[in-house]
Amino acid sequence: MSFKTSRMWFSSSTKYYNEKKREEIDAKRKEIMARGLPKQKPIAGVKQILLVASGKGGVGKSTTAVNLSTAIKTIAPNKSVGLLDADVFGPSIPLMMNLHDTPLLNEENQMEPLINYGIKCMSMGFLVDEKSPVIWRGLMVMSALERLIRQTAWGPLDYLIVDTPPGTGDTHLSLIQNLPLSGVLLVTTPQNAALQVTRRGAAMLKKMNVPIAGVVENMSSVTCPECSHEVKLFGSGTEILAKDLGIEFLRKIPLDRCITENCDDGKPIVLSMPESSPANAYRSLGRSIIEFLKKQPINNT
């Protein structure tokens, strides 16, 4: 055997050995992880759970969650809808849903969710003073989140919409590992900085076998109040992202002062300005989500 042939054989053998070793390590890692993961347990009385998530903060995720919840309730008034604010450090659902009371305890020592616009709501903002910061470590946050999920009298509930904090950290992993999720709705702006983080979040969801309902593009454009001319703020990156990931591009939501003003006043635009363009966009999104959830299994609660 020549030196050249010998070197090629050695290189091929080494490559085969490394690939084989890598496959064995990956298989062992998956076995260990599967052994240590908690079993998913449904929430009593809740049929389907949808997360609203975004990798980056400030992309309008909570606004989307609030208007999506009210849109679904408007489209399907016979369905019961809940809204869970899973952002322990920065809860915004109390402001956007105009709810500021403290939940009462029922006979089973469970918290009764606060209700407005026909939506059952629960948030850490109901349990702490709105001017006081929440300064907790990770374990305390997970314990608080578990209480919001398991010690709230949600049922009976057809849909539970969960507004999650930015990122792909402990809160998301805890929700994915502990709850039988019907799907996740991704929210982003068409800015490259947001799209890159959204792409990473979508990759994590796919690795954990969580169904992705699609992606919503927030703040895609702004309309001039004088001439009604539409101005695109960023680009068409969200559509490219959806195509690359093989997920559905659901809706573009414009940047509109009325959306933020109504949210700040605790009046979702779907209800306060039902004939407006943003309200129509949220109702269209709501119909898409209802159709998506029809195809997903219902939790046996």
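Each remark here, short or long, concerns the structure printed above.
Throughout what follows, the structure given in this document is the object of discussion.

Scoring rules and cut-offs
- Residues numbered from 1 in each chain as written.
- Predicted model: local features only at pLDDT ≥ 70, side-chain atom pairs only at ≥ 80, totals over all residues.
- Heavy atoms only, no water.
- Core = buried A, V, L, I, M, F, W, Y, C linked by side-chain atoms within 4.5 Å.
- Buried < 20%, exposed > 50% of the residue type's maximum accessible area, 1.4 Å probe, protein only.
- Helix = DSSP H or I, 4+ residues; strand = E, 2+ residues; numbered from the N terminus.
- Contact = heavy atoms within 4.5 Å.
- Polar contact = N/O pair within 3.5 Å; in protein donor to acceptor, adjacent residues only side chain to side chain.
- Pairing = 2+ DSSP bridges.
- Axes fitted to C-alpha atoms, helices over the stretch in contact; angles between N-to-C directions.
- Parallel < 35°, antiparallel > 145°, perpendicular 65-115°, else oblique.
- Nonpolar A, V, L, I, M, F, W, Y, C, P; charged D, E, K, R; others polar.

### Focus on the nonpolar core
For step 1, the next point in the chain: Counting 77 residues, the largest nonpolar core has L83, L160 and I289 as the members making the most contacts within it.
For step 2, the next point in the chain: Looking at this core element by element, the count peaks at seven residues for helix 10 (residues 277-294).
For step 3, the next point in the chain: Not counting residues within four places of it along the chain, the set of residues in contact with I289 comprises L50, L68, I72, L185, A213 and L250.

### Focus on the side chain of N299
For step 1, the next point in the chain: Summarising the element assignment, N299 is placed in the segment after helix 10.
For step 2, the next point in the chain: Overall, N299 belongs to the buried group, its relative accessible area being 13%.
For step 3, the next point in the chain: Among the polar contacts made by the side chain of N299, one reaches the main-chain carbonyl oxygen of P180 at a distance of 3.5 Å.

### A look at the pairing of strand 2 (residues 81-85)
For step 1, the next point in the chain: Summarising burial for strand 2: five of the five residues are buried, a large majority.
For step 2, the next point in the chain: Residues V81, L83 and D85 point to one face of strand 2 and G82 and L84 to the other, with burial holding for every one of them.
For step 3, the next point in the chain: Of the pairings in the sheet, the one linking strand 2 to strand 4 (residues 119-123) comprises five bridges and is parallel in character. Opposite G82, over in strand 4, you have K120 as the bridge partner.
For step 4, the next point in the chain: When strand 2 meets strand 5 (residues 157-163), the two strands line up parallel, connected through five bridges. If you follow D85 over to strand 5, its bridge partner there is D163.

### Considering the environment of T260
For step 1, the next point in the chain: Inspection of the secondary structure puts T260 in helix 8 (residues 257-264).
For step 2, the next point in the chain: Here T260 falls in the partly exposed class, since its relative accessible area comes to 41%.
For step 3, the next point in the chain: Separated by 200 residues in sequence, T260 and G60 place their C-alpha atoms 9.5 Å apart.

### Quick look at the packing of helix 2 (residues 61-75) against helix 10
For step 1, the next point in the chain: In contact at an axis separation of 8 Å, helix 2 and helix 10 are set at 75° when each is read in the N-to-C sense. By the criterion of interaxial angle, the relationship of helix 2 to helix 10 is roughly perpendicular. Along its contact with helix 2, which presents T63, T64, N67, L68, A71, I72 and I75, the element helix 10 presents Y282, R283, L285, G286, R287, I289 and I290.
For step 2, the next point in the chain: Residue classes in the contact of helix 2 with helix 10 are distributed as eight nonpolar, four polar and two charged.

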